[in-house]
Every structure is written in structure tokens, then in C-alpha cells.
Amino acid sequence: GGETQTASEVFMVSVNPVNAAAPVWVTAASQTVSENNSGTAPNLRTEVASLSATDTDLPAPTITYAITGGADQSLFEIVGDKLQFQSTFDVDAQADNEFEVTVTAYDGTIGGGDTLSTSRTFTVTVNGVNDNTPQFPGASLANQFNPRVDVNFAENSTGNVATATATDADKF
């Protein structure tokens, strides 16, 4: 019989995290804002949404956002995690009131080799508010709130005295 010989060695094993899951959007794709609704100073832009996406990878990665498409992408910007209209854009429902922008959520450095991403196309509807004064045809700017109409009507007569027509630019 021989003697059994044993040896022991301690090995250090490191397990590196793998980016296995893409971000999942929490923020709804359909957003609604009111026209003429600017933010608070110093940011006077109209906020559309707080962007939020989650990622199940551990450790939890930082999610970053970028505008990556959409028919109206030039009207939007992202500041921090806020999607908002550009300050140069007049948010007015009397013009177009539906806008489209695509935002991509990244779970790492944008353009990084192991970064995963998920895009969401947002449809932003601008609701009108009653912000225009009715206008009487032919009324000057000076008397548009109190237009004067001279009417001659015979005493003891019956019938219509006058018909007033005004227009309002609001469409809602």
C-alpha cells in the first residue's frame, strides 16, 4: 500500500456582471400637455414627461436618454430626465396639436460596446385652453372688447334689431 498524498490550493474566482437585460420603459408612450404651459424659472420650457426606465441587471446601471427620431424631434430636448419642448417652440393648439418624438433609453454609455437600449415613440397631444378673445368682424383693436353698432329702429316696431357675429381662434 501506498500512502495517499493530498495538496490544497486556494483559488480566487471573480464573477463579472454581464449586461444581460435592456431597459424597460415605465413612462407611458402617450403624453398630454396644455398649450401655453411654460415651466418655472429659470427653465421656461413646457415639460412633456419625466422619463423613466428600469433595468434588472445588478448592479443597477444608470439609465441615460437621448432623442433618436420622430417626425417632430427637432421641437424637443431632454434635460436631465425630462422630455420637454424646445424653448423656441410656441406650444399652441391652434396650430398642430399632435407631435411625435422617439427617445431611446440606454443602460450604459451611449455607443458603448456592452450597452443595451430600448426605444419608445412618444405621441404628445397639446390640449387647447380658452386663451383667445372673441373678435367682431371689422372691430378695431381699440374697440374689440366694446364694439359699437349704430342701429336705427322705428318706435313700436317688432323684429330683429341686429345680429352680432364674433369668431374665436380657440379650437377645442
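These numbers were taken from a predicted model, which means no experiment stands behind them.

What counts, and at which threshold
Residues numbered from 1 in each chain as written. Predicted model: local features only at pLDDT ≥ 70, side-chain atom pairs only at ≥ 80, totals over all residues. Heavy atoms only, no water. Helix = DSSP H or I, 4+ residues; strand = E, 2+ residues; numbered from the N terminus. Buried < 20%, exposed > 50% of the residue type's maximum accessible area, 1.4 Å probe, protein only. Contact = heavy atoms within 4.5 Å. Areas by Shrake-Rupley, 256 points an atom, 1.4 Å probe, with all protein chains shown as cover. Core = buried A, V, L, I, M, F, W, Y, C linked by side-chain atoms within 4.5 Å. Pairing = 2+ DSSP bridges. Axes fitted to C-alpha atoms, helices over the stretch in contact; angles between N-to-C directions. Phe/Tyr/Trp six-rings, centres within 6.5 Å; stacked < 30°, edge-to-face > 60°. pLDDT = per-residue confidence, 0-100. Polar contact = N/O pair within 3.5 Å; in protein donor to acceptor, adjacent residues only side chain to side chain. Salt bridge = Lys/Arg side-chain N within 4 Å of Asp/Glu carboxyl O. Patch = residues over 30% accessible without salt bridge, like charges linked within 9 Å, V, L, I, M, F, W, Y side chains within 5 Å.

Draft legend 1. Structural context of the overall build of the protein. Looking only at helices and strands, the protein features zero helices and nine strands. Put simply, the protein runs from its N terminus to its C terminus through helices and strands in the order β-β-β-β-β-β-β-β-β. By residue count, 24% of the 172 residues in the protein fall in the buried class. Sequence-distant contacts in the protein: of pairs separated by 6 or more residues, those separated by 24 or more amount to 71%. Within the structure as shown, the protein displays about 11,800 Å² of accessible surface, and the carbon and sulfur contribution to it stands at 49%.

Draft legend 2. Representation of the side chain of Glu77. Within the secondary structure, Glu77 sits in strand 6 (residues 76-79). Judged by relative accessible area, Glu77 falls into the buried class, the value being 16%. With residues near it in sequence (within four places) discarded, Glu77 still touches Arg45, Ile67, Lys82, Leu83, Gln84, Phe85, Gln86 and Ser87.

Draft legend 3. Spotlight on the nonpolar core. Judged by nonpolar contacts, the single largest core of 19 residues is most densely connected at Trp25, Tyr65, Phe76, Leu83, Phe85, Phe122 and Val124. For this core, the elements supplying multiple residues, two or more each, are strand 3 (47-50), strand 7 (82-85), strand 8 (98-106) and strand 9 (117-127). Sorting elements by how many residues they give to this core places strand 8 first, with four residues. Dropping the residues within four chain positions of it, Phe122 is found in contact with Trp25, Thr27, Ala28, Ala29, Gln31, Leu51, Leu83, Phe99, Glu100, Val101 and Val103.

Draft legend 4. Looking closely at the sheet that holds strand 7. Taking strand neighbours across the sheet as the criterion, the three strands line up as 3-7-6 in an open arrangement whose pairing is antiparallel. A strand with exactly one partner marks an edge of an open sheet, and here the two such strands are strand 3 and strand 6. Strand after strand, the sheet turns through a mean of 25° between neighbouring axes, direction not considered. The sheet contact formed by strand 6 and strand 7 spans four bridges and is antiparallel. Bridging across to strand 7, Phe76 finds its partner in Phe85.

Draft legend 5. Main features of the packing of aromatic side chains. By the definition in use, this model includes six aromatic pairs. Judged by centre distance (5.6 Å) and plane angle (85°), the ring pair of Trp25 and Phe122 falls under edge-to-face. Highlighted residues: Trp25 in strand 1 (residues 24-25) and Phe122 in strand 9, separated in sequence by 97 residues. By way of ring pairs, the aromatic residues Phe76, Phe85, Phe89 and Phe99 are connected into one cluster.

Draft legend 6. Expanded view of the confidence of the model for the protein. Confidence in the prediction for the protein averages 83 pLDDT; 79% of positions are at 70 or higher. Ranking the elements of the protein by mean pLDDT puts strand 2 (residues 30-34) last with 92 and strand 1 first with 98.

Draft legend 7. A look at the side chain of Asp57. Topologically, Asp57 is positioned in the loop between strand 4 (53-54) and strand 5 (64-69). From its side chain, Asp57 meets the backbone nitrogen of Ala21 in a polar contact 3.2 Å long. Once you skip the residues sitting within four places of it in the chain, Asp57 turns out to touch Val18, Asn19, Ala20, Ala21 and Asp107.

Draft legend 8. How the structure looks around the pattern of salt bridges. Under the counting rule described, the total for this entry stands at one salt bridge. Between Lys82 and Asp81 there is a salt bridge; the shortest N-O distance is 3.8 Å.

Draft legend 9. A nonpolar patch on the surface, seen in detail. Together, Phe11, Val13 and Val15 give the surface a local cluster of nonpolar side chains, amounting to about 410 Å² of exposed area. Considering the arrangement of structural elements, one finds Val13 in the segment before strand 1.

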